[in-house]
Amino acid sequence: MKTESATTGAEPIRVVVVDDQELFRRGLTMLLGVEDGIEVVGEAGDGAEGIEVATTSAPDVVLLDVRMPKRTGLEACRAIKEAVPSAKIVMLTMSDEEADLYEAVKGGAAGYLLKDSSIEEVAQAVRVVAEGQSLISPSMAVKLIDEFKQMSRPEREQVPGLKLTDRELEVLRLVARGLNNREIAKQLFISENTVKNHVRNILEKLQLHSRMEAVIYAVREKLLDIS
């Protein structure tokens, strides 16, 4: 068991892995266990057990499959967020269904990755969501955007005081395309702290709680023109 990151000296990111495929779960646990700065503190083979393990171990990040016995990953996601609000949830699944992605976002998931992701991508997702950011597979980002572009738009009602600046809209477009803060900063030639400030301002103005919610709202309300 690692007690701290060998490179930074910081406490490791505590992770719980929940998946009903034992071979996949054990393999992922083993591979994540050798990643610097990550410590797997528990694993479970179904949604109900996952809720119990997450509640007792209070992890920083939980990796959840969508399709599982007893309690689905989507049900477990909601239950874990209620029991351990500080835990970040990443759905790691074979499901590329838009409905599952949408329900995961509504349930409080901070990430959505497909199981064809590499171990490096999974480890990076763990680190990104632990920092308070969101991450979804690029192919699913497109599905998310398409899903909400097709939603019937309610009668236009401007949120009082909603005035996103041109720069904030620019940041939101890049968030919608799945870029993290570091990547956005590089593309816009601004500091990462400036990006964080823009994202915080966007969430405050839209009265939302996560980056994914902001993207969904923006696409639904046609604040963004994403092709």
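Scroll up a little and you will see the structure.
Described below are features of the structure shown in this document. Keep in mind it's a predicted model, so treat the numbers as computed, not measured.

Secondary structure summary: the protein chain contains 10 helices and six strands in total. Expressed as a percentage of its 227 residues, the buried residues of the protein chain come to 49%. When the accessible surface of the protein chain is split by element, carbon and sulfur atoms take 50% of a total near 11600 Å².

If you trace the backbone, Val-17 turns up in strand S1 (residues 13-18). The buried category is assigned to Val-17, whose relative accessible area is 1%. Along the primary structure Val-17 and Asp-65 are separated by 48 residues, whereas in three dimensions their C-alpha atoms are 8.8 Å apart. Apart from the residues lying within four places of it in its own chain, the contact partners of Val-17 are Arg-25, Leu-28, Thr-29, Leu-32, Val-40, Gly-42, Glu-43, Ala-44 and Leu-63.

Attention now goes to the pairing of S1. Counted residue by residue, S1 has five buried out of six residues, so it is predominantly covered. Summarising the sheet, S1 and strand S2 (residues 38-44) pair through six bridges and their orientation is parallel. Counterpart to Val-17 in the pairing with S2 is Glu-43. In this view, the connection linking S1 to its parallel neighbour S2 by way of helix H1 (residues 22-33) has right-handed handedness.

This brings us to the nonpolar core. With 28 residues, the main nonpolar core has Val-18, Val-62, Leu-64, Ile-80, Ile-89, Met-91 and Tyr-112 as its most contacted residues. Of all the secondary structure elements, the ones that give two or more residues to this core are S1, helix H2 (47-57), strand S3 (61-64), helix H3 (73-83), strand S4 (88-93), helix H4 (98-106), strand S5 (111-114) and helix H10 (211-220). If near-sequence neighbours (up to four positions away) are discounted, Met-91 is found in contact with Leu-64, Asp-65, Val-66, Gly-73, Leu-74, Cys-77, Ala-104, Ala-109, Gly-111, Tyr-112 and Leu-113. Formed by 21 residues, the second largest nonpolar core is a distinct cluster that contains Val-15, Ile-38, Val-90 and Leu-113.

Where H4 is concerned, the buried positions are Asp-100, Leu-101, Ala-104 and Val-105. Seen from one end, H4 has its buried residues packed into an arc of 135 degrees, which puts them on one side.

How two helices sit against one another is set out by the angle between their axes and by the gap between those axes. Two elements in contact, helix H7 (residues 166-176) and helix H9 (residues 192-206), have axes whose closest approach is 10 Å; the angle formed by their N-to-C orientations is 100 degrees. Taken together, the axes of H7 and H9 are roughly perpendicular relative to one another. Listed contacts from H9 to Arg-167, Glu-168, Val-171 and Leu-172 of H7 are His-198, Val-199, Asn-201, Ile-202 and Lys-205. For the contact of H7 with H9, a count of residues per class yields four nonpolar, two polar and three charged.

All right, on to the pairing of S5 then. The alternating pattern of S5 places Gly-111 and Leu-113 on one face and Tyr-112 and Leu-114 on the opposite face, and all of these are buried. In the sheet, S4 pairs with S5 via four bridges, with the strands oriented parallel. Note on S5: the bridge partner recorded for Val-90 is Gly-111. The β-α-β motif built from S4, the intervening H4 and the parallel element S5 has right-handed crossover chirality.

Rules of the game
- Residues numbered from 1 in each chain as written.
- Predicted model: local features only at pLDDT ≥ 70, side-chain atom pairs only at ≥ 80, totals over all residues.
- Heavy atoms only, no water.
- Helix = DSSP H or I, 4+ residues; strand = E, 2+ residues; numbered from the N terminus.
- Buried < 20%, exposed > 50% of the residue type's maximum accessible area, 1.4 Å probe, protein only.
- Areas by Shrake-Rupley, 256 points an atom, 1.4 Å probe, with all protein chains shown as cover.
- Contact = heavy atoms within 4.5 Å.
- Pairing = 2+ DSSP bridges.
- Right-handed = clockwise from strand over helix to strand, strands pointing away.
- Core = buried A, V, L, I, M, F, W, Y, C linked by side-chain atoms within 4.5 Å.
- Arc of directions from axis to C-beta.
- Axes fitted to C-alpha atoms, helices over the stretch in contact; angles between N-to-C directions.
- Parallel < 35°, antiparallel > 145°, perpendicular 65-115°, else oblique.
- Nonpolar A, V, L, I, M, F, W, Y, C, P; charged D, E, K, R; others polar.

These values are about where atoms sit, not about what they do.
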